[in-house]
Structure formats: C-alpha cells, structure tokens
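# Coordinate analysis (summary)
Residue-level listing of the chains:
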Amino acid sequence: MSLCLIPFAAVAQTPPDCVKPSSRAERTICASADLKVAAEDMATLLRDTLGNTSADDRDAIERAQKAFLTERDRSCADKSTIPACRALYEKRAADLAAQNSAAQKKLAAVVAGIPKDAKAAAAALQRYGGAPAKAWLVYIYQSGAVAVPDKDATVRRLVDEILNEGLPKDPYLLEEMANLGDVPGAPLSTSLLFLRHVLSTTEMDAPCFLFTKHGQPAFEAFGAFWGNARDETPGLCSPPSSVFDLPEWKAVSAHMDPAIEPALVERGSIRHGYERQFEVDDLQASLVPSTLLESPMSAEARKMAEQRGLAVAAFRSWSDFDVWPEKEYRAAVNTLPAAITATSKLYREKFKLNPQTADQAARAAADRFIAGRLGLIMPDD
C-alpha cells in the first residue's frame, strides 16, 4: 500500500497582495474592506473544499475556480464595480460551500467503512489532502487497524502537515493541539482527542464505531471542554435508540426541566459544555452501557466523576426548594426508581448484561442523568 499522499494545490487562490496589487481587479478588491475579507474567506474555503475532495473529483472544482477568476478579473475592473464584484464572490462562496458539504459527506462515507475494511478505507483516504482525511489516517495507524512501515515517522509527518497547513488559524485550537504533545508517542486516547480537535473544524460527526470500539477513552475525548464554544462540534452519532427516551425517564425529566431549563439559559457560553455532556452521557448509556462502570482515565474525567458524586449526594438530600420546588423534587425522587428498573430491563434484554451488571449500569446511567442536570442549579462552590 502506497503512503504517498496526493497533493491538491493545482489552483492557486490566495488573497491579493494589497501592498503591491498586480491587476485592476486586485486594486478593486484592495479598495474594499468587504472584498478583502471575501477574498481571504474564499482562499480558506477553496483549500478546505479541495482538501475534502478525493483527487479523482477535483477537476470540476479547479475548472470552476479558474472560470471564477477569469470572470473576477473581467468584472472587478474599478471601484464602480464593487457591488457586482461582491455579488460574484458571494455566489462563488455559496457554490463552494455546497460542494464542501457534499465532499464531507462522501468523506464520511469512506470513514464509515473503516470497521469493515480499514485497509481499503486508508487507501481511499490517501487520495485526500485535507486535515480531516489526514487525521483519520493518524487514527487508523495509531489504533493499529492498518500496519504501516515506520509508523511513528508517518504519523508525525501527517500531524505536522495538519498543524502547519490544514487548520484554521484559531489560536485557541492551535494551543490545544500543541498541548497534546508528541501524538505518535502518546496513547490512543491522545489520538482520539487529536481527531476530535480536527473534526471540530468540520461538518462531520464522530461515528458510533469510535465509541463501540474504544469505549471510555472515546467518550472522554469527545466530551465537554467546558466554557469553549467548540463544545458544539463535532456532532456525535445518534444511537439507534436513546435510553433516556423511555417513558419512565420522560417522567423524571418532566419534574426536573422546570428548574433546569432556566438555569441552562443563565449559564451563557458554558451551557454548551452542559449540553455536550448531556449528549455524551446519553450516547454512553444508550450505546455502550457497560462503559458506565469503567474507571475514568484522564485527570479531567476523574474530576468530573468526583463532581458527579457530589451532585448525586446533593440530590439525595436536596433542600433548596426556592431553586427546585419541593413538589417537583419529591415527584422526581418518586419516579426515579421506575426509570432505573426500566433501564436495567433494557440492558438485560438488548445488551445481554447479566442482572447484577445491568442493575449497576442502570444506576450509573441514573447518576449521569441526575448529576449532569443538577450541576446546573447547585452552588458553584
């Protein structure tokens, strides 16, 4: 299997050098702050679209870009053409954005084939030049799904290319990536977090096979950062069914939501962390419930487990009825046992857990559900 990644820079598209604009069109663009931004955004969008497109499918994008540049040079002749030039950029950007979305869906289909045939998926990914495909190759090689000669050097090269060429110039993202240290020499959990960082810059979701295959390390890698807007991405796969959609859990929710929803609104940007953790807890309880009983691996996960214990203890002795009215609290307490019983039954029947493990996992799922929400209304200290 060849490890030679195919380059994808056939169409050079960089913003005009406004220190020394070389054409009438460039002078027009440099005279408009909006057009300068549009040109910069265009370069990024074109890079991403080409990077997320297989080498076999790039010709059409390159031809369309050349046609755009020809039309731009003709239409953006002087300051009087700025409105028309802006409209031209907007249309091209919309076309590229649609192509990029479609390309990412095709790339996601390649990724979905990893569990069935990792070698074929890796060969297909080598025909892409963007950061997402390279991050998936890092995962494949680091997980041992495909053997590769001189693995450390290959992974290190891929990581360097992603960091230096393939990511948005977001200082927070780049700092977090740098803090991961030497990815080739790190455990798989680091590669999963590296993958999560890259996917957070895309429209691609984290597929379910990451969680069914790797369990706790994957759930930790794709959990909440807390206070970081990137908690909204990447999306998580949807389990075939959610345990918390059981009617017994809906009954518990009905008595918690009146207190929780206003608190969620008041949390500002950190609400994304809570919502992210709700999603991860739901996915874990619904997809691989046995992992609820595994010990946390990272320092952040251990801290969260401690906080979860405090929240569960607070639930059992709740007394702040100004925040959560006593009637609703008592009703939640009374409906919780039925939810745990229904969850244990589901775990025995669907996941074939033995009765003791099913009961333990059901109680752990309840702890996640209660603690995650109660953390919103508990005092911060």
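Our subject in this report is the structure included herewith. Starting afresh in each chain, residues are numbered from 1 along the sequence in its written order. For a predicted model such as this one, the threshold for reporting local features is a pLDDT of at least 70, and the threshold for listing and counting side-chain atom pairs is 80 or more; totals across whole chains, interfaces and linings nevertheless cover every residue. Processing note: side-chain calculations cover all non-hydrogen atoms of the structure and skip hydrogens and water entirely.

### Brief notes about the packing of aromatic side chains
Stacked, tilted and edge-to-face pairs are distinguished by plane angle, under 30 degrees for stacked and over 60 for edge-to-face with tilted covering the rest, among Phe, Tyr and Trp rings (Trp via its six-membered ring) whose centres lie within 6.5 Å. Per the stated rule, a full pass over the model turns up 14 aromatic pairs. Geometrically, the ring pair formed by tryptophan 318 and tryptophan 324 is edge-to-face, given 5.9 Å between the ring centres and 65 degrees between the ring planes. No difference in accessibility class separates tryptophan 318 from tryptophan 324, as the two residues are buried. Where tryptophan 324 meets tyrosine 329, the ring centres are 5.3 Å apart and the plane angle is 80 degrees; that geometry is what we call edge-to-face. By relative accessible area, tyrosine 329 is classed as buried at 3%. Linked through ring pairs, Phe315, Trp318, Phe321, Trp324 and Tyr329 together constitute an aromatic cluster. Directly above the aromatic system of phenylalanine 278 lies the positively charged group of arginine 373, at a separation of 4.4 Å from the ring centroid. The ring of phenylalanine 369 is capped by arginine 373, whose NZ or CZ atom sits 3.8 Å from the centre of that ring. Only protein chains enter the accessibility calculation, which uses a 1.4 Å probe; a residue whose area is less than 20% of its type maximum is buried, one above 50% is exposed, and one in between is partly exposed. Charge over a ring is defined by NZ of Lys or CZ of Arg lying within 6 Å of the ring centre and within 35 degrees of the ring normal.

### Some remarks on the pattern of salt bridges
We define a salt bridge as a side-chain nitrogen of Lys or Arg found within 4 Å of a carboxyl oxygen belonging to Asp or Glu. Under the criterion given, the structure shown has 15 salt bridges. Its salt-bridge partner being arginine 47, residue aspartate 48 comes within 2.8 Å of it at the nearest N-O pair. A salt bridge links aspartate 281 to arginine 368, with the nearest nitrogen and oxygen atoms 3.2 Å apart. With aspartate 281 in helix α13 (residues 271-287) and arginine 368 in helix α16 (residues 355-374), this residue pair connects regions lying 87 residues apart in the sequence. Each member of the pair, aspartate 281 together with arginine 368, is buried. Bridged by salt links that share partners, the residues Lys134, Arg157 and Glu161 form one connected network. Numbering of helices and strands starts at the N terminus; helices are DSSP runs of H or I of at least 4 residues and strands are runs of E of at least 2.

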